[in-house]
Amino acid sequence: MPQRPELSVIVPIYNEEGLLWESAESLAGELDRLVGARNWQFVLIDNGSADESPTIVKRIAARWPGAVTLRLPKPNYGAALRAGLEAATGVWVYLINVDFWDAAFLAWSWQNRQDYDLILGSKRADPTINGQTRYRRVLSWGLNAAFALIFEFVGMDTHGIKFCNLGRLRPILQRCVMKRGQYDSEFTLRALRAGLRVAEVPVPYADKRKNRNLMIKKIAWNLMDLFRLRQVVQAVPWTGPLNYHRWSRADVEAAAGGAEVASRIVTIKAGPGD
């Protein structure tokens, strides 16, 4: 692998023994085709797993040299993302979930990597491909409405898969203070306020897992985090006109290869548990 890979793929992992190897194999094939073999690296962050995930992480690192592996003592999604971004050495970064990544999003982002500093994969931007349950749709809508009201957020989703120019985003990442689920929301809001070039594209989504935490617990966490995030972000000024674009799914699939790429959308069947 070159001294600095073109792309780092950051994968937070928590009890993913049923999904991890299959997801790594399918994604690696797509990355070899798109980016070039040995021009990318996995950055795998075990987030306090209690199953066989750490063993599988070692297998992946042995199979794809150049991988970076980290292990955190307890589950914390924001801490896992932060650790992965700090450890990544690629020019660009692709943030994914173990159970889902989107070939069309990846291909489109790679083609347009020089045009944007941060690309958001949004499950809410196109209701025709949003497979959330009605309950989760309501919760996502409520959270996004709070972001629009409190932070003047013009997008549809701060969570989910992302693609970014690490060099452009790193100064912002160094200022972020949030943990848990609102860490990526913070750097997204900061990127918009800093005038970075941000795009949002729809990605297909389906609820494939049982909840790891009680929803009432997640709601309570989000309310507490929103209060703290408001205190943090209100001190971050807008530095110029908003530089934000939203694309349609049709635009993304057409530019990324149409039906051929769309057919490679990966949805890994969830194993037992969450």
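Going by the structure above, here's the rest.
Residues numbered from 1 in each chain as written. Predicted model: local features only at pLDDT ≥ 70, side-chain atom pairs only at ≥ 80, totals over all residues. Heavy atoms only, no water.

### Looking at the overall build of the protein
Okay, step 1: For the protein, the count of helices and strands is 10 helices and 12 strands.
Okay, step 2: When the 274 residues of the protein are sorted by exposure, 50% land in the buried category.
Okay, step 3: A separation of at least 24 residues holds for 83% of the contacts in the protein among residues at least 6 apart in sequence.
Okay, step 4: With the model as given, the accessible surface of the protein reaches about 12500 Å², and the carbon-plus-sulfur share is 54%. (Helix = DSSP H or I, 4+ residues; strand = E, 2+ residues; numbered from the N terminus. Buried < 20%, exposed > 50% of the residue type's maximum accessible area, 1.4 Å probe, protein only. Contact = heavy atoms within 4.5 Å. Areas by Shrake-Rupley, 256 points an atom, 1.4 Å probe, with all protein chains shown as cover.)

### Considerations on the nonpolar core
When a protein is soluble and globular, its nonpolar side chains tend to lie buried together.
Okay, step 1: Counting 41 residues, the largest nonpolar core has Leu-7, Val-9, Leu-27, Phe-42, Tyr-94 and Phe-163 as its most contacted members.
Okay, step 2: Val-43, Leu-72, Leu-169 and Met-178 belong to the second-largest nonpolar core, a separate cluster that totals 36 residues. (Core = buried A, V, L, I, M, F, W, Y, C linked by side-chain atoms within 4.5 Å.)

### So, unusual backbone geometry
Among all residues save glycine, negative phi is the norm, and among peptide bonds the norm is trans.
Okay, step 1: Despite not being glycine, Asn-15 has its phi angle at roughly 55°, a positive value.
Okay, step 2: Structurally, Asn-15 is set in the loop between strand E1 (7-13) and helix H1 (20-34).
Okay, step 3: The class for Asn-15 is partly exposed, based on a relative accessible area of 25%.
Okay, step 4: Here the phi dihedral of Glu-152 falls at roughly 60°; this positive angle occurs in a residue that is not glycine.
Okay, step 5: Assignment of secondary structure puts Glu-152 in the loop between helix H5 (134-151) and strand E8 (162-165).

### Considerations on the pattern of salt bridges
Okay, step 1: The tally for this structure, following the rule as stated, stands at 11 salt bridges.
Okay, step 2: For the salt bridge of Arg-249 with Asp-102, the shortest nitrogen-to-oxygen distance reads 2.6 Å. Separated by 147 residues along the polypeptide, Arg-249 in helix H9 (residues 249-256) and Asp-102 in the loop between strand E5 (100-101) and helix H4 (103-111) bring together distant segments of the chain.
Okay, step 3: On the basis of relative accessibility, which here comes to 7%, the residue Arg-249 falls in the buried class.
Okay, step 4: The partner of Glu-253 in a salt bridge is Arg-249, with the nearest N and O atoms 2.9 Å apart. Of this pair, Glu-253 and Arg-249 both sit in helix H9, separated by four residues, roughly a single helical turn.
Okay, step 5: It is possible to trace a salt-bridge network through shared partners that takes in Asp-102, Arg-249 and Glu-253. (Salt bridge = Lys/Arg side-chain N within 4 Å of Asp/Glu carboxyl O.)

### Observations regarding the side chain of Asp-184
Okay, step 1: Looking at where Asp-184 falls in the secondary structure, it is placed in helix H7 (residues 183-193).
Okay, step 2: Within polar-contact distance, the side chain of Asp-184 engages the side chain of His-159 at 3.2 Å.
Okay, step 3: Side-chain polar atoms of Asp-184 contact the side chain of Lys-162, separated by 3.1 Å.
Okay, step 4: Excluding residues that lie within four positions of it along the chain, Asp-184 makes contacts with Tyr-77, Leu-81, Thr-158, His-159, Gly-160 and Lys-162. (Polar contact = N/O pair within 3.5 Å; in protein donor to acceptor, adjacent residues only side chain to side chain.)

### A look at the environment of Ser-23
Okay, step 1: Relative to the elements of secondary structure, Ser-23 occurs in helix H1.
Okay, step 2: C-alpha separation for the pair Ser-23 and Asp-99, spaced 76 residues apart in sequence, amounts to 7.0 Å.

### Re the packing of H1 against helix H2 (residues 53-63)
The axes of two packed helices give the description: the angle between them and the distance between them.
Okay, step 1: Running from amino to carboxyl end, H1 crosses H2 at an angle of 25°, the nearest separation of the two axes being 10 Å. As summarised for this structure, H1 and H2 are arranged roughly parallel, according to the angle between their axes. Taken as a pair, H1 and H2 cross one another with a handedness that is right-handed. Between H1 and H2, the contacting residues are Leu-20, Trp-21 and Ala-24 on the first element and Ser-53, Ile-56, Val-57, Arg-59, Ile-60 and Arg-63 on the second.
Okay, step 2: In terms of residue class, the contact of H1 with H2 is built from six nonpolar, one polar and two charged. (Axes fitted to C-alpha atoms, helices over the stretch in contact; angles between N-to-C directions. Parallel < 35°, antiparallel > 145°, perpendicular 65-115°, else oblique. Left-handed = near helix turned anticlockwise from the far one by under 90°. Nonpolar A, V, L, I, M, F, W, Y, C, P; charged D, E, K, R; others polar.)

### Describing helix H3 (residues 77-87)
Okay, step 1: Among the residues of H3, Gly-78, Ala-80, Leu-81, Ala-83, Gly-84 and Leu-85 are the ones counted as buried.
Okay, step 2: Where H3 is buried, its residues contact E1, strand E2 (40-47), strand E3 (68-72), strand E4 (92-95), helix H6 (166-173) and H7.

### Some thoughts on the pairing of strand E9 (residues 198-202)
Okay, step 1: A large share of E9 lies buried, amounting to five of its five residues.
Okay, step 2: Sheet topology note: the E9/strand E11 (residues 244-246) ladder contains three bridges and is parallel. Looking at the pairing, Val-198 lines up with Tyr-244 of E11. (Pairing = 2+ DSSP bridges.)

### Things to note about the environment of Val-201
Okay, step 1: Relative to the assigned elements, Val-201 resides in strand E9.
Okay, step 2: You can call Val-201 buried: its relative accessible area is 0%.
Okay, step 3: Sequence spacing of Val-201 and Gly-121 is 80 residues, and the spatial spacing of their C-alpha atoms is 5.3 Å.
Okay, step 4: Residue contacts for Val-201: discarding those within four places in its chain leaves Phe-105, Trp-108, Ile-119, Leu-120, Gly-121, Ser-122, Trp-247 and Val-252.

Any functional reading would require information beyond the geometric quantities listed.
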